[in-house]
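One-letter residues, chain by chain:
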Amino acid sequence: MTEQNITYYRQVKNPFPKFVVPKKKGSDQEKATLPFNKKLMAKAAGLTERFAFALFVAFARSQGKRFRMPPPLRLRALEALIQAICYHYDPLLNRVNASLTTIAIECGLATETNKSGVSITRATRALRSLAEDFGLVTYSMKNFDSEIGCYMPTDITFTPAFFEALDISPEAVAAARTGRAEWKNKQRERRGQSRLDIGELISQGWSKFHTRFKENRLKRKVEGEERARAKRDAERSRKEVELSVRAQVNREIRQGKHLSLTFSGVKELIEERVMIRMVKSRRYTTRLSIA
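Residues numbered from 1 in each chain as written. Predicted model: local features only at pLDDT ≥ 70, side-chain atom pairs only at ≥ 80, totals over all residues. Heavy atoms only, no water.

### Things to note about the packing of aromatic side chains
Our working definition: Two rings from Phe, Tyr or Trp (for Trp, the six-membered ring) form a pair when their centres sit within 6.5 Å of each other. Planes less than 30 degrees apart are called stacked, planes more than 60 degrees apart edge-to-face, and all others tilted. Accessible area is worked out with a 1.4 Å probe on protein chains only. A residue is then buried under 20% of its type maximum, exposed over 50%, and partly exposed in between. Cation placement over rings: the criterion is NZ of Lys or CZ of Arg within 6 Å of the ring centroid and within 35° of the ring normal.
Under the criterion given, the structure shown has 8 aromatic pairs. Consider the rings of Phe162 and Phe163, whose centres lie 6.0 Å apart with planes at 80 degrees: the pair is edge-to-face. Both residues of the pair, Phe162 and Phe163, belong to the buried class. By way of ring pairs, the aromatic residues Phe36, Tyr89, Phe158, Phe162 and Phe163 are connected into one cluster. Geometry around Trp206 places Arg95 over its ring, the cationic atom sitting 4.5 Å from the centre.

### Comments concerning the layout of surface pockets
Empty pockets left among the atoms are what a rolling probe the size of a water molecule brings to light. To be explicit about the condition: Only protein atoms enter the 1 Å grid, on which a cavity is a set of points fitting a 1.4 Å probe that cannot get out and a pocket is an open set with protein on both sides within 12 Å along at least 5 of 7 lines, lining residues being those with an atom within 4 Å of a point. Grid points are joined across faces, edges and corners, and a volume is the space filled by probe spheres set on the points. By definition, any uninterrupted DSSP run of H or I lasting at least four residues is a helix, any uninterrupted run of E lasting at least two residues is a strand, and each is numbered from the N terminus. Basically, the charged four are Asp, Glu, Lys and Arg, the nonpolar ten are Ala, Val, Leu, Ile, Met, Phe, Trp, Tyr, Cys and Pro, and anything else, Gly included, counts as polar.
In this structure, the second largest pocket occupies an estimated 340 Å³ of space. Along the walls of the second largest pocket sit 16 residues, with Gln11, Val12, Thr121, Arg122 and Arg125 positioned nearest its centre. Elements that contribute at least two residues to the lining of the second largest pocket include exactly α5 (72–87) and α7 (121–133). Tallied by class, residues from the lining of the second largest pocket come to 6 nonpolar, 6 polar and 4 charged.

### Topic: empty space enclosed by the protein
In total, this model carries 1 cavity of 30 Å³ or more according to the counting rule given. In this structure, the largest cavity occupies an estimated 40 Å³ of space. Lining the largest cavity are Glu226, Arg229, Ala230, Asp233, Arg277 and Lys280. In terms of residue count, the dominant contributor to the lining of the largest cavity is helix α10 (residues 198–233) (4 residues). Along the lines of polarity and charge, the residues of the lining of the largest cavity split into 1 nonpolar, no polar and 5 charged.

### Some points on the pairing of strand β8 (residues 155–158)
We count it as follows: The pairing criterion for strands is at least two bridges between them, as found by DSSP.
Side-chain alternation along β8 places Asp155 and Thr157 on one buried face and Ile156 and Phe158 on a second face that is also buried. As paired strands, strand β5 (residues 137–140) and β8 are joined by 4 bridges and run antiparallel to one another. By the bridge assignment, Thr138 is partnered in β8 with Thr157.

### Description of the side chain of Thr157
Note the threshold: By the convention used here, residues are in contact when the closest approach between their heavy atoms is within 4.5 Å.
Its place among the elements puts Thr157 in strand β8. Aside from chain neighbours lying at most four places away, what touches Thr157 is Asn94, Arg95, Val137, Thr138 and Trp206.

### What to know about the packing of helix α11 (residues 238–254) against helix α12 (residues 263–282)
This is how the line gets drawn: Fitted lines through C-alpha atoms serve as axes, helices being fitted only where they are in contact, and the angles separating the N-to-C directions of these axes extend from 0 to 180 degrees. Note on terminology: angles under 35 degrees are roughly parallel, angles over 145 are roughly antiparallel, angles of 65 to 115 are roughly perpendicular, and the others are oblique. A crossing counts as left-handed when the near helix is turned anticlockwise from the far one by less than a right angle, and as right-handed when that turn is clockwise.
Interaxial distance between α11 and α12 falls to 9 Å at its minimum, and their mutual angle equals 130 degrees. Regarding the angle of α11 to α12, the classification is oblique. Like other packed secondary-structure pairs, α11 and α12 cross with a definite hand, here right-handed. Here Arg238, Val241, Glu242, Ser244, Val245, Arg246, Gln248, Val249, Glu252 and Ile253 of α11 come into contact with α12, specifically with Val266, Leu269, Ile270, Arg273, Val274, Arg277 and Met278. Taken together, the residues of the contact of α11 with α12 break down into 9 nonpolar, 2 polar and 6 charged.

### Side note on the pattern of salt bridges
The condition is simple: One speaks of a salt bridge when a side-chain nitrogen belonging to Lys or Arg is within 4 Å of a carboxyl oxygen belonging to Asp or Glu.
In total, this model carries 9 salt bridges according to the counting rule given. A salt bridge links Glu182 to Arg195, with the shortest nitrogen-to-oxygen separation between them at 2.9 Å. Taken together, the residues span a long stretch of sequence, with Glu182 in helix α9 (residues 170–190) and Arg195 in the loop between α9 and α10 at a distance of 13 residues. Taking relative accessible area as the criterion, Arg195 reaches 40% and is therefore assigned partly exposed. The salt bridge involving Arg273 is made with Glu252; its shortest N-O contact spans 3.1 Å. Pair noted here: Arg273 is in helix α12 and Glu252 is in helix α11, with a separation of 21 residues, a long-range link. In the salt-bridge network here, residues are joined through shared partners; they are Glu182, Glu189 and Arg195.

Shown next as structure tokens:
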């Protein structure tokens, strides 16, 4: 691509998104990723440049869903998004075990506003194009959960057309699903639990995903509050931070906390919190950091 074309596309902050493998599945990344997922990622690399993708575009144009090939910015977003959903794909559940916000951050398709809000519009549009225009995936939006203060994650599943585009046979998909189910049952046997059939394992896996999401969301909410406080503390002096900590500890004592501490213990608690908040205020990081 010429320099002229690169400077022309300035509609987005990251014109060249790329999926970055997260370091969350263990120290040994090779053992953490399933062989079937590695196969999907290898097969999906460069999908938008192949004749198979051009056929999907032609079918979409014949049905009136599209009028032309997606522009270069959308194609790059699709490439990064496809790599991410292949990495997080669970062959047993036939779903992507990650929220769209997490995927957008790992692909570089998310942006952060001045109020520390994360926008994933670019990833949402790319996913909607894969589902509605080309029929490669399906997705459904969940309802708002008042307990965690946000919507439940988007359920992303693969259609047979997706595996056909990657030249992966139905037998290979079924073998991966059966192997994953057997691995789950062996884990249950080690814990002294009874074996389950594939249907029960799938139902249990779907429910556990939403449970893990709610737990992780509550944890991220606490981290977000600490991140916002660190951003405010970055503009404060140590004396101002100490006054804020004193007011916080005073409020907690009125609520019945720290009653077992002596006066010197309260002073040590205040000094410790001041030190922690000062360190965090100098190491403020945005939510878009992957690791």
